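Chains, contacts and geometry: an overview
Below, each chain spelled out in residue letters.
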Amino acid sequence: MDVETTRTSWTKLAAEYTKRVEQFTEVEQAELNAFVKQVTGPMADIGCGPGVTTAYLHRQGADIFGIDLSPGMLAVARETHPEIRFDEGTMFALDLAGNSLAGIVSWYSIVNLPPESLPAAFAEFHRVLSPGGLLLLAFRFGQNEIQHYDSGYGIDDISLDFHRHAVDDVQAKLAKAGFSLLSQRLKGPDEDQPTPQAILLSTAV
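Residues numbered from 1 in each chain as written. Predicted model: local features only at pLDDT ≥ 70, side-chain atom pairs only at ≥ 80, totals over all residues. Heavy atoms only, no water.

What about the overall build of the chain?
Helices and strands together make up the secondary structure of the chain, namely six helices and nine strands. Radius of gyration (C-alpha) of the chain: 16 Å, near the 17 Å computed for a compact globule of 205 residues. Seen through its C-alpha atoms, the chain measures out along the principal axes to roughly 45 × 40 × 35 Å. By the burial criterion, 50% of the 205 residues in the chain qualify as buried. A separation threshold of at least 6 residues defines the contact pool for the chain, and within that pool the share at least 24 residues apart is 67%. For the chain, the exposed area adds up to about 9600 Å²; of that, 49% sits on carbon and sulfur atoms. (Helix = DSSP H or I, 4+ residues; strand = E, 2+ residues; numbered from the N terminus. Rg over C-alpha atoms; globule rule 2.2 N^0.38 Å. Buried < 20%, exposed > 50% of the residue type's maximum accessible area, 1.4 Å probe, protein only. Contact = heavy atoms within 4.5 Å. Areas by Shrake-Rupley, 256 points an atom, 1.4 Å probe, with all protein chains shown as cover.)

Observations regarding the side chain of Arg7
Mapped onto the secondary structure, Arg7 falls in helix α1 (residues 3-19). Given a relative accessible area of 17%, Arg7 falls into the buried group. Polar side-chain contacts of Arg7 include one of 3.1 Å to the backbone oxygen of Leu69. When sequence neighbours within four positions are dropped, the list of residues in contact with Arg7 reads Leu69, Ser70, Pro71 and Glu88. (Polar contact = N/O pair within 3.5 Å; in protein donor to acceptor, adjacent residues only side chain to side chain.)

A word on empty space enclosed by the protein
Scanning all chains against the criterion turns up two cavities of 30 Å³ or more. In this structure, the largest cavity occupies an estimated 40 Å³ of space. Contributing to the lining of the largest cavity are Tyr108, Ile110, Val111, Phe139, Arg140, His163 and His165. Of the residues contributing to the lining of the largest cavity, the split by class is four nonpolar, two polar and one charged. Lining the second largest cavity we find Val27, Glu28, Tyr108, Arg185, Lys187, Gln197 and Ile199. Looking at the lining of the second largest cavity, the elements that each hand over two or more residues are α2 (26-38), β8 (179-187) and β9 (197-204). (1 Å grid on protein atoms, 1.4 Å probe; cavity = no way out; pocket = protein on both sides within 12 Å on 5 of 7 lines; lining within 4 Å. Points joined across faces, edges and corners; volume = space filled by probe spheres on them. Nonpolar A, V, L, I, M, F, W, Y, C, P; charged D, E, K, R; others polar.)

Written as structure tokens, this is what we have:
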């Protein structure tokens, strides 16, 4: 993953992407609501984009802030949700103390990470989570397929790779990083979601 190219591309897409953000499905709402009830303490939405998931969890009572790579996405998030803190950062090097979080949400935010980059991100998630802290990870799954885009949402001159990770590969890399899987939900493809989706809940051990 080229961090700078990804940052620049998402900044260019921020305004148009935000206009097209989909509403949460009933399944997604159920998973997010259950997660909030299980976490006592500060929580980060890593890869928060325009802050839609962050704001939803905040409304459910979560002590949450957002982190994203893209200044453009953060500008939208801060303007739309001024009551919530949003920080710029990369999931490979979070500007957070070790054991400082009770929960992490990574909601479809590993989409641009190739499989070989997942261990570094998961290790960083584990570093900042307190023992017993929870990670809610959502992603579109497949067999490590890649789709490359040079344009999107009517915007040209971008360069983004979108990865559909294999569920067993993600699980194995989470385990190696020090996570224990608590539950998983696999969904689709169906009328609501043409791309199959996975939601994994894990705890830091």
